[in-house]
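One-letter residues, chain by chain:
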Amino acid sequence: MLHEINFRSFNERDTVNGWVYVPAAKPKGIVQLVHGFGEHSRRYLHMIVSFMDAGYIVAADDHVGHGKTALTNDTWGDWGDKGFRVMMEDEHTFKEKVCELYPDLPYFFFGHSMGSFILRDYITKYGDELAGATICGTAGEFKGAVKTQEALAKAVEAGKGEESDPEYAGMLLGWMCERCGEVSIGNEWICADPYVQRDHADDPFDAFTKPVTNRAMYYFTQMMTEITGIEWAKKVPKDLPLYNIAGDQDPVGNYGEGVYQVANWLYETGHFVKTKLYSGYRHEIHNYSAIKDQVEAGIIAFMDENI
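About the criteria used
Residues numbered from 1 in each chain as written. Predicted model: local features only at pLDDT ≥ 70, side-chain atom pairs only at ≥ 80, totals over all residues. Heavy atoms only, no water. Pairing = 2+ DSSP bridges. Helix = DSSP H or I, 4+ residues; strand = E, 2+ residues; numbered from the N terminus. Axes fitted to C-alpha atoms, helices over the stretch in contact; angles between N-to-C directions. Contact = heavy atoms within 4.5 Å. Phe/Tyr/Trp six-rings, centres within 6.5 Å; stacked < 30°, edge-to-face > 60°. Buried < 20%, exposed > 50% of the residue type's maximum accessible area, 1.4 Å probe, protein only. Lys NZ or Arg CZ within 6 Å of the ring centre and 35° of its normal. 1 Å grid on protein atoms, 1.4 Å probe; cavity = no way out; pocket = protein on both sides within 12 Å on 5 of 7 lines; lining within 4 Å. Points joined across faces, edges and corners; volume = space filled by probe spheres on them. Nonpolar A, V, L, I, M, F, W, Y, C, P; charged D, E, K, R; others polar. Core = buried A, V, L, I, M, F, W, Y, C linked by side-chain atoms within 4.5 Å. Salt bridge = Lys/Arg side-chain N within 4 Å of Asp/Glu carboxyl O. Left-handed = near helix turned anticlockwise from the far one by under 90°.

Here's the deal with the sheet that holds strand β8 (residues 273-278)
Thinking step 1. If you trace the eight strands from one edge of the open sheet to the other, you get β1-β2-β4-β3-β5-β6-β7-β8, paired in mixed fashion. Strands at the two margins of the open sheet, each flanked by one partner only, are β1 (2-8) and β8. Taking each pair of neighbouring strands and ignoring which way they run, the sheet shows an average axis angle of 20 degrees.
Thinking step 2. With five bridges connecting them, strand β3 (residues 29-34) and strand β5 (residues 107-112) associate as parallel partners. By the bridge assignment for β5, V31 is matched with F108.
Thinking step 3. Sheet strands touched by helix α4 (residues 114-126): β3, β5, β6 (132-136) and β7 (242-247). Its angle to β5, the strand with the most contacts, is close to 140 degrees.

Side note on the packing of aromatic side chains
Thinking step 1. Scanning the entire structure with this criterion turns up 14 aromatic pairs.
Thinking step 2. Between W79 and F220, the ring centres sit 6.4 Å apart and the planes meet at 70 degrees, which makes this aromatic pair edge-to-face. In this pair, W79 is assigned in the loop between α2 (67-73) and α3 (86-101) and F220 in helix α8 (residues 214-226), connecting sequence segments 141 residues apart. Of the two residues examined, W79 and F220, each falls in the buried class.
Thinking step 3. Judged by centre distance (6.3 Å) and plane angle (35 degrees), the rings of Y218 and Y219 are tilted. Both residues of the pair, Y218 and Y219, belong to the buried class.
Thinking step 4. One aromatic cluster is present, built from ring pairs that chain together F37, W79, F117 and F220.
Thinking step 5. Positioned over the ring face of Y278 is K276, at 4.9 Å from the centre of the ring.

Considering the environment of G67
Thinking step 1. Topologically, G67 is positioned in helix α2.
Thinking step 2. Remark: the alpha-carbon pair of G67 and Q149, spanning 82 residues in sequence, is separated by 25 Å.

Details of empty space enclosed by the protein
Thinking step 1. Scanning all chains against the criterion turns up three cavities of 30 Å³ or more.
Thinking step 2. In this structure, the second largest cavity spans a volume of roughly 40 Å³.
Thinking step 3. Lining the second largest cavity are F84, R85, M87, M88, F117, I118, D121, M223 and I227.
Thinking step 4. When contributions to the lining of the second largest cavity are tallied by element, the ones reaching two or more residues are α3 and α4.
Thinking step 5. Top contributing element to the lining of the second largest cavity by residue count: α4, with three residues.
Thinking step 6. In the lining of the second largest cavity, the residues fall into seven nonpolar, no polar and two charged.

Thoughts on the nonpolar core
Thinking step 1. Residues W79 and F220 are the most contacted members of the largest nonpolar core, which totals 96 residues.
Thinking step 2. Aside from chain neighbours lying at most four places away, what touches F220 is F37, W79, M114, F117 and L172.

What about the pattern of salt bridges?
Thinking step 1. Scanning the entire structure with this criterion turns up 18 salt bridges.
Thinking step 2. Measuring nitrogen to oxygen at the nearest pair gives 3.1 Å for the salt bridge that ties K28 to D304. With a gap of 276 residues between them, K28 in the loop between β2 (15-21) and β3 and D304 in helix α11 (residues 292-305) connect regions that are remote in the sequence.
Thinking step 3. Judged by its relative accessible area of 35%, D304 falls in the partly exposed class.
Thinking step 4. Across the pair D121 and R85 runs a salt bridge whose closest N-O atoms are separated by 2.8 Å. With D121 in helix α4 and R85 in the loop between α2 and α3, the pair connects residues that are 36 residues apart, well separated along the chain.
Thinking step 5. A relative accessible area of 6% means that D121 is categorised as buried.
Thinking step 6. Exposure remark for R85: the relative accessible area of 31% places this residue in the partly exposed category.
Thinking step 7. One network of salt bridges, with partners in common, ties together R13, D14, D78, E162 and R215.

Focus: the packing of helix α5 (residues 145-157) against α8
Two measures define how a pair of helices packs: the angle their axes make with one another and the distance between the axes.
Thinking step 1. Orientation of α5 relative to α8, taken along the N-to-C sense of each, is 145 degrees, at an axis distance of 9 Å. Between α5 and α8 lies a crossing whose hand is left-handed. Of α8, the residues touching α5 (which contributes A145, V146, T148, Q149, L152, A153 and V156) are N214, R215, M217, Y218, T221, Q222, M224 and T225.
Thinking step 2. Here the contact of α5 with α8 is built from residues that sort into eight nonpolar, six polar and one charged.

Purely geometric stuff here, so don't read any function into it on its own.
Laid out in structure tokens, this is it:
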């Protein structure tokens, strides 16, 4: 069964498009999938089907400025003007609507890349509502985030928030193919598989096909800095089970170092977090044909353990 759920965004402008995928079996839990920067939730169909086969209802939406939400609102790359927590609050609104349909089931979150940033901010406010959370492809201290944020703040203050200056994206992300060898598309850092790279680049629902506003990029850097350090970890409920996964050749996680930074911030503040790095793999570990079944099985096992 498939439900389509539309709701008003926290940005007070857009209508967010979301979907609830229900297995043809008695569900044992719900997992809400939070996608990353410049993509959309249907890039996770393999994972969605795996979760359904394991007995989980899957909820997934397209963020403001992304995917079908951007298409129906004509707001590609524009997140509105209500701050960097718009997507986080939208995820909570979505969760409440899913729970109206399917109450009293254990509820998990999975967040990849920017989705992991949203998730990590989410659990500081709403973590007590969850049975567990999988943090995938996340960052510790992201290289260049503070410097780029300072530059973007000046641009937004100067009235250039609705403009799209590629200089800022270059400052923040331009280094990420440094270990990828020959670069022809610019997204090689996501996965070594050229078919995944081309699929990502040619996807008409991919927000990278449109420029991102300076204000949205500013919010993106704010997401990163808000979830950095011990002070962030102190706000996370200590009894919330966490599963932290990534590829050790992922530049977002600084090739494993940033992933362990996150784990150590949590350990040092009294949390338990299970961390797993996949050796030799880049950012989208769930899109490598060699390991995606293994990645999904690990997430399912984590959820099964914490029902």
